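# Architecture and fold: a report
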Amino acid sequence: MSQTQSSSADITSPAQTERKNVIFSGVQPTGNLHLGNYLGAIRNWVAQQNDFDCIYCVVDLHAITVPQDPQALRTSIREVTACLIASGIDPDQAVLFNQSSVPQHAELAWIFNCVARLGWLNRMTQFKEKAGKNRENATVGLYSYPTLMAADILAYKATHVPVGEDQKQHLELTRDIAAAFNSMYGADIFPLPEPQIQGVAARVMSLRDGSSKMSKSDPSDYTRINLTDSADEIAQKIKKAKTDPEPLPSEMAGLDDRPEARNLVGIYAALSGATNAEILSEFGGQGFGIFKPALVELAVSQIAPISEKMNRLLDDRAEIDRILKKGTEQARARAEPVLAEVKKIVGFLPE
Ligand code: AQP
């Protein structure tokens, strides 16, 4: 599944440091969260919230880099928040809020637009993929998405960012922007944040095409398992997932030219906490008639409880709004002093 079995950046346990590591990550409210979001990022967010200073954000400013229906966006902000809580994010432990409610993100992004170079942004592959052939018609926001992402992270001086493999290049740009700002102004204000990329689930691929990533915006719902899917929907999607007639091999090398099979093995491994090799030693020689039902059982056991909890949470929308409001206040209290420091350094405020 993962093309690059990337290593997670080591993070020091709080017992070993005087200052806790600050972890920031975000997810776009552009539709239902899916298994790729969960295995590539959110599961890692949950794992860290007990031990570190975690700030998690529903990045609605990023969402409007492509057209959004306002009513659908409003709904999605609440649904994604509920889904994060149902996945295990505890708003009493982590700061949980939506990006547009903290104006410091947009303010810092503008300052970073005046630090980042066109040449750096021109190299961003996500822009090329999302803009496609119609590049001239893409929004300026889609192009400058990575400078806003840098602002999201650096407004809290975050040191670590748990993301999927697809965001690695943007994280590198964030480091470049932090270093360029520090150097331009002779200030040691921003840390160079480290990506934390999950090895086995760094890039979960579409169930219908092993060469493209599982994505919320794919027009076909059969390409992804949503965290809102019922047990029946999960079973249907896995049953219909593209495979080939060959049995599973016993060694990883046997999956080299079988991207769809490799993806399903990777999903099984990530859900079960085992390695790809361990899964192949269990299922090697078996056909998909055996493997797929086992994967359905595993996926349903982990995803169905999230979907049930999310539906219960959505019965009380006022409570979700209250959680976001509390997170917004916490986030603003953290970002305001950083912006004040930046404004002094840039020359907008007296020293
Ligand atoms: N397929 C994936 N495999 C592993 N990780 C993934 N992530 C997204 N897709 C996969 C990680 O999930 C986090 C939140 O992503 P996002 O919603 O902010 O944006 P995205 O990466 O653009 O995800 P989508 O689903 O493809 O959304 P759309 O279709 O709206 O663009 C990130 O850490 C991301 O790496």
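## Concerning the domain arrangement of the protein chain
The extent of an interface is frequently quoted as the accessible surface area lost upon association of the parts. When the domains of the protein chain are assigned, the result is domain 1 (8-202 + 320-346) and domain 2 (221-310). On a C-alpha basis, the centroid separation for the pair domain 1 and domain 2 is 30 Å. For the pairing of domain 1 and domain 2, the buried interface totals around 1,300 Å² over both sides, and the portion due to carbon and sulfur atoms is 73%. Looking only at domain 1, the three residues that lose the most surface to domain 2 are Leu 35, Ala 86 and Val 200, adding up to 39% of its buried area. Counting across the interface, domain 1 meets domain 2 through zero salt bridges. Our count for the domain 1 to domain 2 interface comes out at three residue pairs in polar contact (both at pLDDT 80 or more). Residue assignment for the side of domain 1 that touches domain 2 shows that the elements contributing at least two residues are α1 (35-48) and α3 (70-86). At five residues, the largest contribution of residues to the side of domain 1 that touches domain 2 is made by α3.

## Re the site of the ligand
Residues in close proximity to the ligand total 23 residues, the closest being Lys 130, Asp 166, Ser 215, Lys 216 and Ser 217. Contact distances for the ligand include 2.8 Å between an oxygen atom and a side-chain N or O atom of Thr 30. The separation between an oxygen atom of the ligand and a polar side-chain atom of Asp 166 is 2.5 Å. In isolation the ligand offers 640 Å² of accessible surface; the protein chains occlude 97% of this area. Looking at the shell around the ligand, the elements with two or more residues in it are β1 (22-27) and α1. Element by element, the count of residues in the shell around the ligand is highest for α1, at four residues. Looking at side-chain class alone, the shell around the ligand contains seven nonpolar, 11 polar and five charged residues.

## Section: unusual backbone geometry
The backbone of Lys 157 sits at a positive phi, close to 50 degrees, despite the residue not being glycine. Assignment of secondary structure puts Lys 157 in the loop between α8 (145-154) and β4 (160-162).

## Some points on the pattern of salt bridges
Opposite charge on two side chains permits them to pair, given that their charged atoms come into close proximity. Considering all chains together, one arrives at 14 salt bridges under this definition. Note that Arg 334 and Asp 53 form a salt bridge whose closest N and O atoms lie 2.8 Å from each other. One end of the pair, Arg 334, is in helix α14 (residues 317-346); the other, Asp 53, is in strand β2 (residues 53-58), and 281 residues separate them in sequence. What makes Arg 334 partly exposed here is its relative accessible area of 29%. Linking Glu 194 and Arg 175 is a salt bridge whose minimum nitrogen-to-oxygen distance equals 3.7 Å. Here the residue Glu 194 occupies a position in strand β5 (residues 194-196), and Arg 175 occupies one in helix α9 (residues 168-184), the gap between them amounting to 19 residues. Among the residues examined, Arg 175 registers a relative accessible area of 26% and is labelled partly exposed. Among the ionic contacts, a cluster of salt bridges with common partners joins Asp 221, Arg 224, Asp 229 and Lys 237.

## Side note on the packing of helix α4 (residues 104-113) against α14
Where α4 contacts α14, the axes come no closer than 10 Å and their chain directions differ by 25 degrees. By the angle between their directions, the pair α4 and α14 is classed as roughly parallel. Viewed along their axes, α4 and α14 form a crossing whose handedness is left-handed. In this structure, α4 uses Gln 104, Glu 107, Leu 108 and Ile 111 to contact α14, whose residues at the interface are Arg 332, Ala 335, Glu 336, Leu 339, Val 342, Lys 343 and Val 346. Split into classes, the residues belonging to the contact of α4 with α14 amount to six nonpolar, one polar and four charged.

## Some words on α14
Here α14 spans 41 Å end to end across 30 residues, near enough to the 44 Å set by a 1.5 Å rise per residue. Contacts from the buried residues of α14 go to α3, β3 (95-98), α4, α8, α9 and α13 (288-314). Gly 347 sits one or two residues past α14 and shows a positive phi near 110 degrees.

## A word on the side chain of Ser 144
Structurally, the position occupied by Ser 144 is in the loop between α7 (140-143) and α8. Non-local contacts of Ser 144, meaning those with residues more than four positions away in its chain, are made with Asn 113 and Leu 121.

Quick notes on the rules
- Residue positions within a chain follow its written sequence, with the count starting from 1.
- Reporting in this predicted model follows two pLDDT cut-offs: at least 70 for local features of residues, and 80 or more for side-chain atom pairs to be given and counted; totals over whole chains, interfaces and linings ignore these cut-offs and use all residues.
- Processing note: side-chain calculations cover all non-hydrogen atoms of the structure and skip hydrogens and water entirely.
- Residue ranges assigned to the domains are those given by an automatic or database domain assignment.
- Summed over both partners, buried area is the accessible surface (1.4 Å probe) that two parts give up on being assembled.
- Between Lys or Arg on one side and Asp or Glu on the other, a salt bridge is scored when a side-chain nitrogen of the former is within 4 Å of a carboxyl oxygen of the latter.
- Pairs of N or O atoms are called polar contacts if they sit within 3.5 Å, as long as, within protein, a hydrogen donor faces a hydrogen acceptor (for residues adjacent in sequence, only side-chain-to-side-chain pairs).
- Secondary structure elements are taken from DSSP: a helix is a run of H or I of four residues or more, a strand is a run of E of two residues or more, and numbering for both begins at the N terminus.
- Whether a residue is near a molecule or strand is decided by its heavy atoms; if any one of them lies within 4 Å of it, the residue is near.
- Methods summary: accessible areas were calculated by the Shrake-Rupley approach with a probe of 1.4 Å, and residue burial reflects only the protein chains presented.
- Any residue that is not Ala, Val, Leu, Ile, Met, Phe, Trp, Tyr, Cys, Pro, Asp, Glu, Lys or Arg is counted as polar, Gly included; the first ten are nonpolar and the last four charged.
- Note on classification: 1.4 Å probe, protein chains only; a residue is buried when its accessible area is under 20% of the maximum for its type, exposed when over 50%, partly exposed between these limits.
- To get an axis, fit a line to the C-alpha atoms, keeping to the stretch in contact for a helix; angles then go from 0 to 180 degrees between the N-to-C directions.
- Any angle between 65 and 115 degrees counts as roughly perpendicular, while under 35 counts as roughly parallel, over 145 as roughly antiparallel, and the rest as oblique.
- By definition, any crossing whose near helix is turned counterclockwise from its far helix by less than a right angle is left-handed, and any crossing with a clockwise turn is right-handed.
- Note on definitions: a residue-residue contact is assigned when non-hydrogen atoms from the two residues lie within 4.5 Å.
- The span you would expect from a helix comes to 1.5 Å times its residue count less one.

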